[in-house]
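Descriptive analysis of the structure
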Amino acid sequence: MHLLCREREREREREREREMAKVQLLSFWASPYLIRVEVALALKGVEYEKLPQDLREKSELLLQSNPVYKKIPVLLHNGNAVCESGIIVQYIDEAWSAPPGSANFLPADAYGRAKSRFWADYIDKKVFDAMFAMLKSLRPGAEEEKKAAEENIMGVMNTLEGALAESCEAGPFFGGEHMGLPDVMLVPLVAWGPAVKAATGLTLPLGERLSAWFGACAMNLTISSVLPETEKLAEFLTNVALPRLASSS
């Protein structure tokens, strides 16, 4: 019996080694879309090699790995390229088992998975576009645009507040006690929110539930270990991102 248990344990270790085969991540440190992927990898306990990219002078590796969009992040798993942050996060959830004491990002039941994917899609399409529109409207002479952007981001965050209130009875996250797919998709706000405030004075409109969610994410050591520093990100916003947004208007 003991021999059988040891053999099963060895087989689990061999399976883990196969899962952990070479993983690389084409990255740019400040990207909120990269942050999602790094958080997902950290929560799954996956070791990986970061391959930082110059987004102005795109490498051949990036162009070959993501020939359609030519953007980061790109996950390379044994040489196979997976693109687009939401797809990468779901790939990570399927490719690597959850460590002991944690859970997969998607629920076991079909309806739960559909609902989780719905809110992940909402976050992907609405939240960061609303935030970038708010930042873009800060240029002089864009008062009407700023007013519209403020109303938009308030509506988006209120909708999320309601969704979180419905789903977090078992814990602070969309996934309950453990982070689920919507949480991983939204978690870049934990880095970008304070940086935006430091760079511009703007505070993201968070209700009671989202504020509690924000705090739970910030206190999670696994998550905080891969988030960029607020000061460094605020400097990037001030000197790089905001001028680029203003010039693109």
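Here we summarise the structure given alongside this text. These figures come from a predicted structure and were not determined experimentally. (Residues numbered from 1 in each chain as written. Predicted model: local features only at pLDDT ≥ 70, side-chain atom pairs only at ≥ 80, totals over all residues. Heavy atoms only, no water.)

Turning our attention to the pairing of strand β2 (residues 49-52). Where strand β1 (residues 23-27) and β2 come together, four bridges link them in parallel fashion. Counted as the bridge partner of Gln 24 is Glu 49 from β2. Between β1 and its parallel partner β2, the chain crosses via helix α2 (residues 32-44), and the hand of that crossover is right-handed. (Pairing = 2+ DSSP bridges. Helix = DSSP H or I, 4+ residues; strand = E, 2+ residues; numbered from the N terminus. Right-handed = clockwise from strand over helix to strand, strands pointing away.)

This paragraph deals with helix α9 (residues 208-219). Taking 1.5 Å as the rise per residue, α9 with twelve residues should run 16 Å; its terminal C-alpha atoms sit 17 Å apart, in good agreement. Here α9 has its buried residues at Leu 210, Trp 213, Phe 214 and Cys 217. All buried residues of α9 fall inside an arc of 100° around its axis, so they share one side. Facing away from the buried side of α9 by more than 90 degrees, the exposed set consists of Glu 208 and Met 219. (Expected span 1.5 Å × (residues − 1). Buried < 20%, exposed > 50% of the residue type's maximum accessible area, 1.4 Å probe, protein only. Arc of directions from axis to C-beta.)

In the structure shown here, the tally under the stated rule is eight aromatic pairs. Judged by centre distance (6.2 Å) and plane angle (80°), the rings of Tyr 91 and Trp 96 are edge-to-face. Under the relative-accessibility criterion, Tyr 91 is labelled partly exposed at 26%. One aromatic cluster is present, formed by Phe 28, Trp 29 and Phe 236 through successive ring pairs. Here Lys 44 stacks its cationic end above the ring of Phe 105, 5.2 Å away from the centre of that ring. (Phe/Tyr/Trp six-rings, centres within 6.5 Å; stacked < 30°, edge-to-face > 60°. Lys NZ or Arg CZ within 6 Å of the ring centre and 35° of its normal.)

Attention shifts here to the packing of α2 against helix α5 (residues 110-136). Put simply, α2 and α5 touch, their axes get as near as 12 Å, and they point 135° apart. Here α2 is positioned oblique relative to α5, judged by the angle of their axes. Each of Pro 32, Tyr 33 and Arg 36 in α2 lies in contact with α5, whose residues at this interface are Ile 123, Asp 124, Phe 128 and Phe 132. By residue class, the composition of the contact of α2 with α5 is five nonpolar, no polar and two charged. (Axes fitted to C-alpha atoms, helices over the stretch in contact; angles between N-to-C directions. Parallel < 35°, antiparallel > 145°, perpendicular 65-115°, else oblique. Contact = heavy atoms within 4.5 Å. Nonpolar A, V, L, I, M, F, W, Y, C, P; charged D, E, K, R; others polar.)

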